[in-house]
Amino acid sequence: MRVPRLLKHFFGFVLLAALVPAQAQPSSRRLDLTTQQSQPSVGRDGDTIHVVGTDIAGATSVCYARSLDGGRTWPVHDQVLAPNAGPASVTVAGDRVFVAIQSGVGRSLLASFDAGNTWQPPVALPSGHWLPEIHVDGLAVNVFCVGATFPGQGLFLVRSADGGHTWATPVDLSAGLPTGFTTSDDTPQVLVDGSVIHVFWNHRTPLIHLAHQWSLDGGATWLSTAQVLTNAPLVGAGFGVGRLLVQAGSTLWTSTNHGSTWSPLVGHGFAFPATLAMEGSRVLVVEAAPWPSGFLLRMAVSVDAGITWSVSASTIAGNFNPYAEAAVVGNSMFAWYWKSSVPGFEIVQSDDDGATWRTIVGTASEVFLPGRDGGVALTSYPNTPGIWAWVLEGHMRYGVGNPGTAGVVPTLTCRGLAGIGLTFRLDLENAVGGALAAYVFGLGSNAFVPIGPNTRLLVAQTFGSSVVVASGTPGLAGAGTASFAVPVPNLTSLIGFGLRSQAFVVDPGAPDGFCATAARESWIR
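Residues numbered from 1 in each chain as written. Predicted model: local features only at pLDDT ≥ 70, side-chain atom pairs only at ≥ 80, totals over all residues. Heavy atoms only, no water.

**Things to note about the environment of L436**
In this structure, L436 sits in strand 36 (residues 436-442). Its relative accessible area of 45% is what places L436 among the partly exposed residues. In the structure, L436 is positioned 44 residues away from G480 in sequence and 9.7 Å away in space, judged by C-alpha atoms. If sequence neighbours within four positions are ignored, L436 has contacts with V467, V468, V469, F504, V505 and V506. (Helix = DSSP H or I, 4+ residues; strand = E, 2+ residues; numbered from the N terminus. Buried < 20%, exposed > 50% of the residue type's maximum accessible area, 1.4 Å probe, protein only. Contact = heavy atoms within 4.5 Å.)

What follows is the structure in structure tokens.
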């Protein structure tokens, strides 16, 4: 068959390390942001990545950067969004981008409705501490922030029903709780499933009350009084398959009726849980337990929404910060933590539900944004100013395709992580229905070779191809699809190599009689 032979040629080529020099990692792109006042914030929608951060070169300001190709290039960088302002956070929902900033006059929200090309004037938020959590669903924008009241401080909701153009009067979601306060260290955690929104935060009197609010109508209405779940601090929460999970101190709580009733779960047994992540029925809890020379990092995994657990046999010991983060993304799980022996976060990944873990090679000293099809890292380097962005693991798009029938440009999309031992897909979409198509593969630098007046080959050092027939109604513009599976052998020698790919479609409606997609580079980690 064509697929195994093609891949055999590819990986045989790669393993000739003595003859082919190892390929360097993707070049970092400097965004000219620094983090001496705040950590940069990243938001993503497909290939479009938005970054905001504090730049202190000269007058302190909030600056903005944007990539349209998954982190490969950053045509917009170091754009000043707000002078004389400091910490910032970004939330993305399609073409709507919201940036919360803190300045000397308080907190405000900036909005863009065209993917960051233009920005609306800032909207003031309730005065108080730190940065808010923002949730966007359609035209509804819900902003949750710690606001100042007298005699205490509570959690406020600022809501817009028209995409951020107008805003309602702030609502105190902590009304009815014992008189107390919520601090910047008690940033709320927001969980969303369609129109159902759950919010958890610590309310202090100074005794901690783990508070819970929820809305069943997208944030329009809420409980008249917040629910107090327990007197233990919030570690993390997850929402999936109709079940809520909340890690409070060393106890894991569950609810199957949106929080009306709760019951404790047993299973992982961690005394020092650091974080919790959940997607669907898959749950990851990370523990950072004290150890004679630092801490011991352990991971517990459940594939049935917390009913049963397996604790990873492999543990990570060393001198690192007990702070950790985690994510469950598709078929992979991630945990990352600050370790003194590396210049930033050390990231570990499991692709078999926690049975084995491996370290992802690369540096993410500021932010790691994992995704189903790849992760983007923001990194600062010793003695080098600025923040640098690069694709740590995954796929990057480069070049542009050309149109076929009815002016429709076919697309090539990568699905899944390009990690060793994994299989990812190259999905051809928007081709003319029933067309003959070919995937072309290569290594090395990018190409820009004319193969027709309107079509370019973007893959250099090509070593093979595979011919397929697109699905869909024959001759119908945009109806054709095809998929190609790429299994990556579990060989560490492959780490750092990039597989480049492009698809060509035989299309009588194209000016050249055929058309091409943009190219993709799949970076193996």
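**A closer look at the pattern of salt bridges**
Within this structure, the stated rule accounts for eleven salt bridges. D47 is the salt-bridge partner of R520, the closest N and O atoms lying 2.9 Å from each other. With R520 in strand 43 (residues 519-523) and D47 in the loop between strand 2 (41-45) and strand 3 (48-55), the pair connects residues that are 473 residues apart, well separated along the chain. Classification of R520 as buried rests on a relative accessible area of 8%. D427 is paired through a salt bridge with R415; the nearest N and O atoms lie 3.5 Å apart. Taken together, the residues D427 in strand 35 (residues 423-431) and R415 in strand 34 (residues 411-415) connect sequence positions twelve residues apart. Residue class for D427 comes out buried when judged on its relative accessible area of 7%. (Salt bridge = Lys/Arg side-chain N within 4 Å of Asp/Glu carboxyl O.)

**Points about unusual backbone geometry**
Backbone geometry follows two general trends: most residues other than glycine have a negative phi, and most peptide bonds adopt the trans configuration. Residue T205 is joined to P206 through a cis peptide bond whose omega torsion reads 10°. Note on placement: P206 falls in the loop between strand 15 (196-204) and strand 16 (208-215). The residue D353 is not glycine, and still its phi comes out positive at about 55°. Summarising the element assignment, D353 is placed in the loop between strand 29 (344-350) and strand 30 (358-359).

**Overview of the packing of aromatic side chains**
For the coordinates displayed, the defined rule picks out eleven aromatic pairs. Look at Y64 and W119: their rings are 5.2 Å apart centre to centre, the planes differ by 80°, and that puts the pair in the edge-to-face class. Taken together, the positions of Y64 in strand 4 (residues 61-67) and W119 in the loop between strand 8 (106-112) and strand 9 (123-124) put the pair 55 residues apart, joining distant regions of the chain. Of the two residues, Y64 and W119, neither departs from the other in class, the shared state being buried. Geometrically, the ring pair formed by W336 and F368 is edge-to-face, given 5.2 Å between the ring centres and 90° between the ring planes. Separated by 32 residues along the polypeptide, W336 in strand 28 (residues 332-339) and F368 in strand 31 (residues 367-369) bring together distant segments of the chain. For the pair shown, W336 and F368 are each scored as buried. (Phe/Tyr/Trp six-rings, centres within 6.5 Å; stacked < 30°, edge-to-face > 60°.)

**A look at the environment of V376**
Tracing the backbone shows V376 in strand 32 (residues 374-381). Sequence separation between V376 and G70 is 306 residues; the distance between their C-alpha atoms is 8.1 Å. Look past the residues within four positions of V376 in its chain and what remains in contact with it is R44, I49, G70, V367, F368, L369, W390 and L392.

**Digging into the side chain of H395**
Within the secondary structure layout, H395 lies in strand 33 (residues 384-398). Among the polar contacts listed, one links the side chain of H395 to the backbone oxygen of G416, at a separation of 2.7 Å. At 2.9 Å, the side chain of H395 and the side chain of S522 are in polar contact. Filtering out sequence-adjacent residues up to four positions away, H395 remains in contact with D373, C414, G416, A418, F424, E521 and S522. (Polar contact = N/O pair within 3.5 Å; in protein donor to acceptor, adjacent residues only side chain to side chain.)

**Description of the nonpolar core**
Among the nonpolar cores identified, the biggest contains 25 residues, and F424, L426, L428, Y439 and V505 are the most heavily contacted of them. Secondary-structure elements contributing two or more residues to this core are strand 34, strand 35, strand 36, strand 40 (480-487) and strand 41 (498-506). Ranked by residues supplied to this core, first place goes to strand 35 with four residues. Setting aside residues no more than four positions away along its own chain, F424 makes contact with H395, R415, G416, L417, A418, F484, A485, V486, V488, L499 and S522. The next biggest cluster of nonpolar side chains, apart from the first, holds 17 residues, and it includes V286, F320, A324 and A326. (Core = buried A, V, L, I, M, F, W, Y, C linked by side-chain atoms within 4.5 Å.)

**Considerations on the confidence of the model for the chain**
Averaged over the chain, the pLDDT score is 85; the fraction of residues at 70 or greater is 90%. Strand 42 (residues 514-516) holds the highest mean pLDDT among the elements of the chain, 97, whereas helix 1 (residues 2-15) holds the lowest, 40. In this model, residues 1-25 is a region of pLDDT below 50 whose contacts with residues beyond four sequence positions or in other chains number 41 contacts. (pLDDT = per-residue confidence, 0-100.)

**Quick notes on the sheet that holds strand 16**
Strand order in the open sheet formed by four strands is 14-15-16-17, with antiparallel pairing between adjacent strands. A single partner strand is all that each edge strand has here, and the edge strands are strand 14 (189-193) and strand 17 (227-230). Here the average twist between neighbouring strands, direction ignored, is 30°. Of the pairings in the sheet, the one linking strand 16 to strand 17 comprises three bridges and is antiparallel in character. Across the sheet, the residue bridging to H212 is Q227, located in strand 17. (Pairing = 2+ DSSP bridges. Axes fitted to C-alpha atoms, helices over the stretch in contact; angles between N-to-C directions.)

**Topic: the pairing of strand 37 (residues 446-450)**
Strand direction decides the pairing type here: strand 37 and strand 38 (residues 456-459), joined by three bridges, are antiparallel. Looking at strand 38, one finds that N446 is bridged to V459. Hairpin connection of strand 37 to strand 38: five residues between the antiparallel strands.

**Focus: the pairing of strand 8**
In terms of burial, strand 8 is largely enclosed, as seven of its seven residues are buried. Of the pairings in the sheet, the one linking strand 7 (residues 96-103) to strand 8 comprises seven bridges and is antiparallel in character. From the neighbouring strand, S103 faces strand 8, where its bridge partner is G106. Here strand 7 folds back onto strand 8, and the loop between the two strands holds two residues. Taken together, the two bridges between strand 8 and strand 9 define a ladder with antiparallel strand orientation. What sits directly across from L109, in strand 9, is V123.

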